[in-house]
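Observations on chain architecture
Next come the chains, spelled out residue by residue.
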Amino acid sequence: MFGSKNRGTVIAKGLKIVGTVTAEGLVEVNGQVDGELHCTSLIISRGAQVSGTIAAGRVVVDGRVEGPIQGGDVILKSQAHVIGDIHHQSLSIESGAFFDGRSVHARANGQAAERIDKKSVRQIAGRGEGATEAMDDGLPQPRRKLAEL
């Protein structure tokens, strides 16, 4: 309509959608979604909220998510607050992000390659974004922002 390129779908700040959202291409959430969200690429902006299931090839979270994420490449930005399991091919977690759930690494064919739960992952300070270290002590770890570890 205003050019040949589809710039994606924007769920504006102040807008709340209840139900299933399915879109081709990019979806940028600045408001709130309560339900399922299926798309090619997803950006959950700072201040935005999604409560429900997410399925996308690429997911960038800088807002709040409560529910499972199924994605190829998943990036949790510094203001991300995610409560739910993440099934991914790659996962990056920036300093300051909060993640309470299980991380399940899946191969491209959808099979789980390795499983790391919330009790066994912490971010290592000073090793760069997304650096993680597995702790196999089996002891529960207190909930804290990743930057505090």
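A word on the environment of Val50
- Following the sequence through the fold, Val50 ends up in strand β7 (residues 49–51).
- A sequence separation of 11 residues divides Val50 from Val61, and the C-alpha atoms of the two residues are 9.9 Å apart.
- Every residue in contact with Val50, bar those within four places of it in the chain, is listed here: Val29, Val33, Leu37, Ile44, Arg64, Val65 and Glu66.

Digging into the pattern of salt bridges
- Following the criterion strictly, the structure yields 5 salt bridges and no others.
- Between Glu94 and Lys77 there is a salt bridge, and its shortest N-O distance comes to 3.1 Å. With Glu94 in the loop between β13 (90–93) and β14 (98–100) and Lys77 in the loop between β10 (69–76) and β11 (81–83), this pair connects stretches of sequence that are 17 residues apart.
- Taking the relative accessible area as the measure of exposure, Glu94 reaches 14% and is therefore buried.
- Among the residues examined, Lys77 registers a relative accessible area of 29% and is labelled partly exposed.

Considerations on the pairing of β10
- With respect to burial, β10 is a largely interior element, 6 of its 8 residues being buried.
- The pairing of strand β8 (residues 54–61) with β10 spans 7 bridges and is parallel. Bridged to Val60 within β10 is Ile75.
- The pairing of β10 with strand β12 (residues 86–88) spans 2 bridges and is classified as parallel. Along β12, the bridge assignment pairs Gln70 with His87.
- Here β10 pairs with β13 via 4 bridges, running parallel. Within β13, the residue paired with Leu76 across the bridge is Ile93.

Conventions used here
- Residues numbered from 1 in each chain as written.
- Predicted model: local features only at pLDDT ≥ 70, side-chain atom pairs only at ≥ 80, totals over all residues.
- Heavy atoms only, no water.
- Helix = DSSP H or I, 4+ residues; strand = E, 2+ residues; numbered from the N terminus.
- Contact = heavy atoms within 4.5 Å.
- Salt bridge = Lys/Arg side-chain N within 4 Å of Asp/Glu carboxyl O.
- Buried < 20%, exposed > 50% of the residue type's maximum accessible area, 1.4 Å probe, protein only.
- Pairing = 2+ DSSP bridges.

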